[in-house]
Amino acid sequence: MEDIVIAKMNYAKLDDSASPVRIRLNSTAIRAVHLGDPASAKEVEVTYVRGGSAHKARGTQCVLACYNMIIPYLCPEMSETQKEALAYAVKIPLVYTNVQIRNWKPFQKLGVNNVYCPGGYFSSFSLDFPVSIGEYKFPSSPEESCLLHLVRTPCQPGLPCKDQYRAGRADLLATTFETFERNIRDQLTRILGGTDFDPAQDIQAITVNRWPHGYAYEYNPLFEPLDRPDSERPCVIGRKPFGRIKIANSDADGHAYTNIAIDQAHRAVAEISHLSLQI
Ligand SMILES: Cc1cc2nc3c(=O)[nH]c(=O)nc-3n(C[C@H](O)[C@H](O)[C@H](O)COP(=O)(O)OP(=O)(O)OC[C@H]3O[C@@H](n4cnc5c(N)ncnc54)[C@H](O)[C@@H]3O)c2cc1C
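First things first, this report covers the structure right here in the doc. Computed from a predicted structure; not experimentally measured.

### Brief notes about the overall build of the chain
- The helix and strand tally for the chain stands at 8 helices and 10 strands.
- Along the three orthogonal principal directions, the C-alpha set of the chain runs to about 70 × 50 × 40 Å.
- Counting the 279 residues in the chain, one finds 37% classified as buried.
- The contacts in the chain between residues at least 6 apart in sequence include a share of 62% that link residues at least 24 apart.
- Of the roughly 16,600 Å² of accessible surface on the chain, 55% is carried by carbon and sulfur atoms.
- Across the chain, the mean location of the 30 positive side-chain charges is 5 Å away from that of the 31 negative side-chain charges.

This is the structure:
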């Protein structure tokens with residue numbers, strides 16, 4: 001961890017022909033089909049688009065670790081039951097924004113490091129978590145420049161939850177950077193009112209990270225049965241192996257965390273190697 005915090009990533013290394021594992025970026029898979037009957041085929045062919053043109057890759061096995069709800073479009077030969085289960089989840093949109101401020105004296109003066117704004121454009125503002133790793137040192141003095149972490153969960157109150165996520169995604173697509181910037185300046189100025197904070201002078205940089213397909217869909221007891229047996233959960237029906245195609249991604253367990261993504265990748269690979277594995 002110490003080494004990678006400030007290291008520059010060499011992306012070319014990801015797709016090195018000398019490496020046994022290669023990752024090709026900017027390549028969108030648009031189809032994954034068995035060459036022959038899925039029950040007996042020996043290969044899967046994946047078509048992907050890169051730089052405006054379509055390419056094909058073949059393998060004896062294929063793991064789809066992408067958003068589960070697009071798999072029905074990638075695998076038209078799948079059963080309708082499995083397609084329906086995969087299409088059930090709707091990814092949750094999220095915006096994490098970083099704002100670099102000249103110093104954090106206004107926060108010191110107010111005695112706060114975390115501000116919640118129910119109903120606000122951004123629902124929370126916090127001083128970056130104070131971590132020092134390797135060469136990276138957090139700004140320990142209030143005189144130092146520092147990052148703020150702002151959270152926005154775009155949605156449309158009043159709609160069923162999945163429709164709120166869809167509306168939030170449309171909102172993210174349509175919102176300009178200027179709108180984010182104006183709201184940052186406005187909300188921060190109001191939060192830090194009564195201090196010397198001057199948005200024109202003290203905001204040094206803004207990065208808006210939009211995650212239209214942010215969190216995996218988690219079953220919501222407000223809208224869905226709590227006591228559904230595991231075998232009836234759409235994610236369990238959807239992630240069943242389909243011939244030589246296996247299904248990973250955190251969607252495959254209906255929980256939005258990295259450990260889940262790793263568990264589901266492990267399960268999908270274990271299905272290839274026919275290991276019996278309990279997760
Ligand atoms: C802002 C944010 C903060 C988070 N913070 C935390 C945290 O603190 N702790 C934690 O445990 N989890 C956190 N999570 C959740 C965590 O990032 C996810 O659970 C995890 O990344 C899921 O991994 P995954 O492999 O299932 O899917 P992803 O990481 O979403 O990977 C799926 C990949 O598939 C690619 N893809 C999709 N469609 C195609 C296609 N057709 N062809 C090719 N590629 C395709 C996508 O581009 C993407 O790279 C956070 C998520 C977000 C968005």
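### Things to note about the pairing of strand β5 (residues 92-101)
- Across the 10 residues of β5, 7 count as buried, placing the element largely inside the fold.
- Direction of pairing for β5 relative to strand β9 (residues 203-215): antiparallel, over a ladder of 9 bridges. What sits directly across from Val99, in β9, is Ile206.
- As paired strands, β5 and strand β8 (residues 146-152) are joined by 7 bridges and run antiparallel to one another. What sits directly across from Val99, in β8, is Leu148.

### Some thoughts on the site of the ligand
- By nearness alone, 18 residues border the ligand, and Ala29, Asn249, Ser250, Tyr257 and Thr258 come closest of all.
- Separating a nitrogen atom of the ligand from a backbone N or O atom of Ala29 is a distance of 2.8 Å.
- Between the ligand and the protein, one listed contact pairs an oxygen atom with a backbone N or O atom of Tyr257 at 3.4 Å.
- Where the shell around the ligand is concerned, the elements lending two or more residues are β1 (28-34), β5, β9 and α8 (258-272).
- Per-element accounting of the shell around the ligand gives the leading share, 3 residues, to β9.

### What to know about the side chain of Gln187
- You can see Gln187 is positioned in helix α5 (residues 177-191).
- For Gln187, a relative accessible area of 6% gives the class buried.
- Engagement of the side chain of Gln187 in a polar contact is seen with the backbone oxygen of Phe122, the distance being 2.8 Å.

### Some remarks on the pattern of salt bridges
- According to the stated counting rule, one finds 17 salt bridges in the structure shown.
- Ionic pairing is found between Asp253 and Arg239, a salt bridge with its closest N-O pair at 3.7 Å. In this pair, Asp253 is assigned in the loop between β10 (245-247) and α8 and Arg239 in the loop between α7 (234-238) and β10, connecting sequence segments 14 residues apart.
- Overall, Asp253 belongs to the buried group, its relative accessible area being 15%.
- Residue class for Arg239 comes out buried when judged on its relative accessible area of 16%.
- The network of salt bridges with shared partners includes Glu43, Glu45, Lys56 and Arg58.

### Topic: the sheet that holds β1
- Taken in spatial order, the 3 strands make up an open sheet running β1-β2-β3, and their pairing is antiparallel. Each of the sheet's edge strands pairs with one partner strand only, and the pair in question is β1 and β3 (53-59). Put simply, the sheet's adjacent strands are angled 20° from each other on average, direction ignored.
- When strand β2 (residues 44-50) meets β3, the two strands line up antiparallel, connected through 7 bridges. Counterpart to Tyr48 in the pairing with β3 is His55.

Cut-off values and rules
- Residues numbered from 1 in each chain as written.
- Predicted model: local features only at pLDDT ≥ 70, side-chain atom pairs only at ≥ 80, totals over all residues.
- Heavy atoms only, no water.
- Helix = DSSP H or I, 4+ residues; strand = E, 2+ residues; numbered from the N terminus.
- Buried < 20%, exposed > 50% of the residue type's maximum accessible area, 1.4 Å probe, protein only.
- Contact = heavy atoms within 4.5 Å.
- Areas by Shrake-Rupley, 256 points an atom, 1.4 Å probe, with all protein chains shown as cover.
- Lys, Arg positive; Asp, Glu negative; His and termini not counted.
- Charge placed at Lys NZ, Arg CZ, Asp CG, Glu CD.
- Pairing = 2+ DSSP bridges.
- Near = heavy atom within 4 Å.
- Polar contact = N/O pair within 3.5 Å; in protein donor to acceptor, adjacent residues only side chain to side chain.
- Salt bridge = Lys/Arg side-chain N within 4 Å of Asp/Glu carboxyl O.
- Axes fitted to C-alpha atoms, helices over the stretch in contact; angles between N-to-C directions.

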